[in-house]
Amino acid sequence: MNTLLNLAAAAVLAGTPLLFGTLGEILTEKSGNINLGVEGMMFMGAIAGLSVPYFYEQMALMAGASPSGTAGALMALAASFAAGALGALIYGFLTISLHADQNVTGLTLTIFGTGLGNFFGEYLGNQAEGYAALGEELKSAFHNLSIPGLSQIPVLGKLLFQYNWMVYFAIILALAMNHFLRKTRLGLNLRAVGEDPAAADAAGIDTTRYQYTAVIIGGGICGIGGMYMSMVTTSGVWVHNCVSGYGWLSVALVIFSVWSPARSLVAAVIFGGLTVLRLYLPIPGMPIQIYEMLPYTVTILVLIAASIRQRQENMQPKSCGVNYFREER
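A short tour of the structure in this document, coming up.

Calculation notes
Residues numbered from 1 in each chain as written. Predicted model: local features only at pLDDT ≥ 70, side-chain atom pairs only at ≥ 80, totals over all residues. Heavy atoms only, no water. Helix = DSSP H or I, 4+ residues; strand = E, 2+ residues; numbered from the N terminus. Buried < 20%, exposed > 50% of the residue type's maximum accessible area, 1.4 Å probe, protein only. Polar contact = N/O pair within 3.5 Å; in protein donor to acceptor, adjacent residues only side chain to side chain. Contact = heavy atoms within 4.5 Å. Core = buried A, V, L, I, M, F, W, Y, C linked by side-chain atoms within 4.5 Å. Patch = residues over 30% accessible without salt bridge, like charges linked within 9 Å, V, L, I, M, F, W, Y side chains within 5 Å. Areas by Shrake-Rupley, 256 points an atom, 1.4 Å probe, with all protein chains shown as cover. Salt bridge = Lys/Arg side-chain N within 4 Å of Asp/Glu carboxyl O. Axes fitted to C-alpha atoms, helices over the stretch in contact; angles between N-to-C directions. Parallel < 35°, antiparallel > 145°, perpendicular 65-115°, else oblique. Left-handed = near helix turned anticlockwise from the far one by under 90°. Nonpolar A, V, L, I, M, F, W, Y, C, P; charged D, E, K, R; others polar. Expected span 1.5 Å × (residues − 1). Phe/Tyr/Trp six-rings, centres within 6.5 Å; stacked < 30°, edge-to-face > 60°.

### Describing the side chain of N118
Thought 1: Residue placement: N118 occurs in helix α4 (residues 102–127).
Thought 2: Taking relative accessible area as the criterion, N118 reaches 8% and is therefore assigned buried.
Thought 3: Among the polar contacts listed, one links the side chain of N118 to the side chain of H240, at a separation of 3.5 Å.
Thought 4: Non-local contacts of N118, meaning those with residues more than four positions away in its chain, are made with F43, W238, H240 and N241.

### Some thoughts on the nonpolar core
Thought 1: One finds F142, M166, M227, W238 and Y246 to be the most contacted residues of the largest nonpolar core, which totals 79 residues.
Thought 2: The biggest single contributor to this core is helix α10 (residues 207–233), with twelve residues.
Thought 3: Apart from residues lying up to four places away in sequence, W238 is in contact with F43, A46, I47, L50, G117, N118, G121, E122, A132 and S230.

### Regarding a nonpolar patch on the surface
Thought 1: A cluster of nonpolar side chains, namely L86, L89, I90, F93, L94, L98 and F112, defines an oily patch on the protein surface of about 610 Å² accessible area.
Thought 2: Examining the composition of the nonpolar patch, we find that five residues originate from one element, helix α3 (residues 69–97), more than from any other.
Thought 3: Its location among the elements puts I90 in helix α3.

### Overview of the packing of helix α11 (residues 246–256) against helix α12 (residues 261–280)
Each packed pair of helices is defined by two parameters, the angle between the axes and the distance between the axes.
Thought 1: Running from amino to carboxyl end, α11 crosses α12 at an angle of 135°, the nearest separation of the two axes being 10 Å. As summarised for this structure, α11 and α12 are arranged oblique, according to the angle between their axes. Of the two possible hands of crossing, α11 and α12 adopt the one that is right-handed. Between α11, through Y246, L249, A252, L253 and F256, and α12, the contact on the second element is made entirely by A267, A268, I270, F271 and T275.
Thought 2: For the contact of α11 with α12, a count of residues per class yields nine nonpolar, one polar and no charged.

### Quick look at α12
Thought 1: Spanning 20 residues, α12 covers 28 Å between terminal C-alpha atoms, matching the ideal 28 Å at 1.5 Å per step.
Thought 2: Looking at α12, one finds that the buried residues are P261, S264, L265, A267, A268, F271, G272, G273, L274, T275, V276 and L277.

### Structural notes on unusual backbone geometry
Thought 1: Positioned with a positive phi, H99 is a non-glycine residue whose angle comes to about 60°.
Thought 2: A positive phi angle, close to 55°, is found at S235, a residue other than glycine.
Thought 3: In this structure, S235 sits in the loop between α10 and α11.

### With respect to the packing of aromatic side chains
Thought 1: Taken as a whole, this structure holds seven aromatic pairs when the rule is applied.
Thought 2: Ring centres of F119 and F120 lie 5.1 Å apart, and the angle between their planes is 85°; on these two criteria the pair is classed as edge-to-face.
Thought 3: Classification of F119 by relative accessible area gives exposed; the value is 55%.
Thought 4: An aromatic cluster of three or more residues is present, and its members are F20, F142, W165 and F169.

### A closer look at the environment of G218
Thought 1: Its place among the elements puts G218 in helix α10.
Thought 2: Put simply, G218 and G84 are 134 residues apart on the chain and 8.3 Å apart in space, counted from C-alpha to C-alpha.
Thought 3: Here G218 is in contact with G24, L27 and T28, once residues within four sequence places are set aside.

### A few points about the side chain of N33
Thought 1: On the secondary structure map, N33 appears in the loop between α1 (2–30) and α2 (38–62).
Thought 2: Setting aside anything within four residues of it in sequence, one finds N33 in contact with T28, Y91, T95, I96, Q102, Q211, V215 and C320.

As structure tokens, this is what we get:
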């Protein structure tokens, strides 16, 4: 029982960066754009989310002051969102304005963002004469919370009330995005753009503005997922290739959650559990490669099931991956 409880808690923590990446890509694809650069944007968010509070800490120490953990956390959040949004803006300009191929552009963004993150991460390490790491004051801002009374509840306390603030932020974001896409006029307009931009344009919806907004905000959310990797998963220490394929898992998780922010909550926990399963339920003699295959195997099975059911609400937006040329309307 204790092992399963620990596995469930670890699954939530491991699934949180996947949830950020998935939410960002869902929002992007709802506008009719498929951005395969999630990995690159997460790398950009990871290095920005670490380097900005790192330099803030160094400046505070040089001035003889004590760095604020809250200020550092807010800086990391803002910097990672801005870095991911910048990567998405590059993608948006190339695909929405210049009508470049979306798949090729996304893959290029992944290569660019990965190289950029690792380059500046190694640069910070060289400047620090070893490796770049934050002090305990800033690290403590990302430690798991202890909510008086609630955190001490047997079983439920560990399952629900002992995570860091980014876990709860991701949950709120998923629920808010689900409400936005299903219940608000702007969200319905965005979905209309993703399904048929020509019809949405004819109805007076500014398709370009909706696409740019969704792509940029979606990229920023992916960047926050990368910051989670560098600030929580690696505890404020830059580790080469720290994102480690989580961007690609997020792209797969979009299919797993059938483009639903609400379902992505459950899907992220499942995927998070699959990524750490070998640490809690090892099977003697089973190769580690089998464990690493599990998330992708489950994704394939879900994709097959969704294809068989052929329900429109569970399908990818129709115009996803296809550039819209207004002149051909």
